[in-house]
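Report on the structure
Here is what each chain is made of, one letter per residue.
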Amino acid sequence: MSRAPFITFEGSEGCGKSTQVRRLAARLEKLGVDFLVTREPGGTPIGESIRELLQFAPHNAAITAETELLLFAASRSQLVREVIKPTLERGVCVIADRFFDSTTVYQGAARGLNPELVAQVNAFAVGDCIPDVTFLLDVDLETAQSRMKTPRRPDRMEQQPTQFYERVRGGYREIAEREPNRVVLLDGAQPADKIDNEIWKTVCSRFPNLAKAEVRSQRSEV
Ligand code: TMP
């Protein structure tokens, strides 16, 4: 059996990626296509402990940029081997809410760690598990911040100064320029329906089996 599609979603806080992950998952569910959604950091028992440590542990203000890089990479390395690779090999599509581009951008571009070292750590963590397509939702800071005004407690990564998020946005746009075949840059300020349709069009053009599943389901509805 050939490996199933591996699709990742990226963007800064408030870009709308989690909404689009849910929408793509709902489309696949409706078509009867097997899929799994992952989130990072987390997605395995070890990864969820790392998530808690990174985001909410009371002593986590002392985490250095280097430690942060290694913790995100550790969570991903576990997720890839325990969940993502075996799932893809079983022919089940994986939709990941964040993957290695988040590390390139947050720990590299925004925190300022050496980009070559970050790339090496990323490569070590994921091995040959590279996304087939990455949807990058790009939004201006104002839009992102207005969407983030939720009543819940902000985590450690959400308490950064404005310049940090400017570097995040710039870092993501650079990846999209560097890897136009893998990364699809989307205007995240558009209505969610429009983005959803654009994503689905790309998914169908890249993965003919999913396009066929849609045709089959339309026929069975007639
Ligand atoms: P999220 O659950 O809202 O996507 O938040 C995850 C946070 O962790 C977000 O601020 C981005 C950050 N992050 C990194 O800094 N590096 C990484 O490698 C990943 C996966 C997330």
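Just so we're clear, the structure is a prediction, and the values are computed from it rather than from any experiment. (Residues numbered from 1 in each chain as written. Predicted model: local features only at pLDDT ≥ 70, side-chain atom pairs only at ≥ 80, totals over all residues. Heavy atoms only, no water.)

**What about the site of the ligand?**
- Around the ligand there are 13 residues in total, and E13, R51, R98, T103 and Q107 lie nearest to it.
- Side-chain polar atom of R98 to an oxygen atom of the ligand: 2.7 Å apart, as the coordinates give it.
- In this structure, Q107 approaches the ligand through a side-chain N or O atom, which is 2.8 Å from a nitrogen atom.
- Relative to its unbound accessible area of 490 Å², the ligand is 91% covered by the protein chains.
- Those elements that place two or more of their residues in the shell around the ligand are α2 (45-55), α3 (65-89) and α4 (100-110).
- The element best represented in the shell around the ligand is α4, accounting for 4 residues.
- Counted by class, the shell around the ligand contains 3 nonpolar, 4 polar and 6 charged residues. (Near = heavy atom within 4 Å. Polar contact = N/O pair within 3.5 Å; in protein donor to acceptor, adjacent residues only side chain to side chain. Areas by Shrake-Rupley, 256 points an atom, 1.4 Å probe, with all protein chains shown as cover. Helix = DSSP H or I, 4+ residues; strand = E, 2+ residues; numbered from the N terminus. Nonpolar A, V, L, I, M, F, W, Y, C, P; charged D, E, K, R; others polar.)

**Overview of α2**
- Among all positions of α2, only G47, I50, R51, L54 and Q55 are buried. End-on view of α2: buried residues confined to an arc of 115°, all on one side of the axis. Exposed residues lying more than 90 degrees from the buried face of α2 are P45 and S49.
- Along its buried surface, α2 packs onto β2 (35-39) and α3. (Buried < 20%, exposed > 50% of the residue type's maximum accessible area, 1.4 Å probe, protein only. Arc of directions from axis to C-beta. Contact = heavy atoms within 4.5 Å.)

**Regarding unusual backbone geometry**
- Of note, the bond from E40 into P41 is cis; its omega dihedral lies within 30 degrees of zero at -10°.
- Within the element layout of this structure, P41 appears in the loop between β2 and α2.
- Residues other than glycine seldom take positive phi values, yet R98 does so here, at roughly 85°.
- Inspection of the secondary structure assignment puts R98 in the loop between β3 (93-97) and α4.
- When its relative accessible area of 12% is taken as the criterion, R98 is described as buried.

**Some points on the packing of α3 against α4**
- For the pair α3 and α4, interaxial distance at closest approach is 11 Å and the crossing angle is 175°. By the criterion of interaxial angle, the relationship of α3 to α4 is roughly antiparallel. Only F100, T103 and Q107 of α4 make contact with α3, whose side of the interface consists of E68, L69, F72 and R76.
- Per-class residue counts for the contact of α3 with α4 are 3 nonpolar, 2 polar and 2 charged. (Axes fitted to C-alpha atoms, helices over the stretch in contact; angles between N-to-C directions. Parallel < 35°, antiparallel > 145°, perpendicular 65-115°, else oblique.)

**What about the packing of aromatic side chains?**
- What the rule picks out here adds up to 6 aromatic pairs.
- Geometrically, the ring pair formed by F6 and F99 is edge-to-face, given 5.1 Å between the ring centres and 85° between the ring planes. Taken together, the positions of F6 in strand β1 (residues 6-10) and F99 in the loop between β3 and α4 put the pair 93 residues apart, joining distant regions of the chain. There is no split in this pair, since F6 and F99 are both buried.
- Its end group placed over the ring of F99, R76 keeps NZ or CZ at 5.6 Å from the ring centre. (Phe/Tyr/Trp six-rings, centres within 6.5 Å; stacked < 30°, edge-to-face > 60°. Lys NZ or Arg CZ within 6 Å of the ring centre and 35° of its normal.)

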